[in-house]
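# Analysis of the macromolecular model
Here are the chains, one letter per residue:
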Amino acid sequence: MVTIKDIAKLANVSHTTVSRALNDSSLIKPKTKKKILEIASQLNYTPNYNAKSLVMQKSYTIGLFLTSITNGTSSSFFVETVKGVNSIINQDYNLYVRGIEDLEDYTMIHQQRFDGIILMSQSDVDDDFIGYLKEKKIPCVVLGRDIGDSSITNILSNDREGSAQIVKHLIENGHRNIAIIEGIKGFKSTMKRREGYINALIEHHIPVKDEYIVQGNYDMESGYRGLEKLLALDHPPTAIFCSNDDMAIGALNAAFAKGLVVPNDISIVGFDDIEFARYTNPSLTTVKRPIEKISSLGAQRILKMLEKEKNKEVAGEKIYVETELVIRGSVSSLG
């Protein structure tokens, strides 16, 4: 195996000079750098990242953590999160993906193991983890949830506004009996989407009915069960806002099983605009929450932070990525 020392011997320079040239240091003269790179290419030199890590005091690993991978994280949400990050993180870094709830403790999270961490945060139970990262001075970007900490870069969508927008769309189509199937209890996204739902009803002087607020779990099964529960009421709703598309797909299937036609008999809408939403029957009216874009922005920010000098403080920022109403075929007009 070719080493830096082998290249140094052939180029008649020190191994430090070779290391700097291979890392594109501005301290090396262009002519010397060109010579070293040509020799490295001819010898098919491959960097030893373990040795490089020791020299550069870097792990060349970026962690992507989610609150949970199994509980309340739909497969589509997970895939779009990973896709967004992976589209930006280049081959110089390894990407490590894990759920926080799977960690027995935080001792394995340290600067020698992670250069930086991207956290897709779904619940304030993550605050302890965020506090630990700050204490250990591990660069971190938090996605998906407003953490209220100006020292950390925080990228999120305005879920409250997006939810209000889709409920207003139902109201504009003549619906007054509008129910909601909620996400996991305690998740910030669940609370924000409920707030948007309630605000839209209040703004249009429509009473908020407790029986129209049904607990779900962000999966298709809970959407299916939620619709069954709402249809069993003495006065079932004419429209249902599901707090994510997976639950909306479950609700569409429950309606079909009950012999109902969507949207003629009941209107169903979702949130997220996952890839399957356009292929349901009928296609799903929903709110586009650009998870992949949020995740890719997070990856861009963490790489930018890692370009700064080690341990140098980087100012935090809050970035909102706008949601968008996507009108398809699952809403009927009662007007």
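Anything mentioned here points back to the structure above.
Summary of the structure given here.

### Describing helix H10 (residues 245–257)
End to end, H10 covers 18 Å across 13 residues, agreeing with the expected 18 Å (1.5 Å per residue, within 8%). Most of H10 is tucked away, with 10 of its 13 residues classed as buried. Looking only at H10, the buried set comprises Asp 245, Asp 246, Met 247, Ala 248, Ile 249, Gly 250, Ala 251, Leu 252, Ala 254 and Ala 255. Elements that come into contact with the buried residues of H10 comprise helix H5 (75–86), strand E6 (178–181), helix H9 (220–231), strand E8 (239–242), strand E9 (267–269) and strand E10 (286–288). Just beyond H10, the residue with positive phi is Gly 259, at close to 80°.

### Quick notes on the pattern of salt bridges
According to the stated counting rule, one finds 16 salt bridges in the structure shown. Where Arg 160 meets Glu 195, a salt bridge forms, and the shortest distance between an N and an O atom there is 2.8 Å. Placement of Arg 160 in helix H7 (residues 159–172) and of Glu 195 in helix H8 (residues 188–203) is noted, with a sequence separation of 35 residues between them. Residue class for Arg 160 comes out partly exposed when judged on its relative accessible area of 33%. Classification of Glu 195 by relative accessible area gives partly exposed; the value is 32%.

### Details of unusual backbone geometry
Cis geometry is found at the peptide bond from Val 262 to Pro 263, where omega equals 10°. Among the structural elements, Pro 263 can be located in the loop between H10 and E9. Here the amide bond leading from Asn 281 into Pro 282 is cis, since omega sits at 0°, within 30 degrees of zero. Looking at the secondary structure, you find Pro 282 in the loop between E9 and E10. Despite not being glycine, His 205 has its phi angle at roughly 60°, a positive value. By the secondary structure assignment, His 205 is in the loop between H8 and strand E7 (213–214). The class for His 205 is exposed, based on a relative accessible area of 74%. Residues other than glycine seldom take positive phi values, yet Asp 273 does so here, at roughly 60°. If you trace the backbone, Asp 273 turns up in the loop between E9 and E10.

Rules used throughout
Residues numbered from 1 in each chain as written. Predicted model: local features only at pLDDT ≥ 70, side-chain atom pairs only at ≥ 80, totals over all residues. Heavy atoms only, no water. Helix = DSSP H or I, 4+ residues; strand = E, 2+ residues; numbered from the N terminus. Expected span 1.5 Å × (residues − 1). Buried < 20%, exposed > 50% of the residue type's maximum accessible area, 1.4 Å probe, protein only. Contact = heavy atoms within 4.5 Å. Salt bridge = Lys/Arg side-chain N within 4 Å of Asp/Glu carboxyl O.

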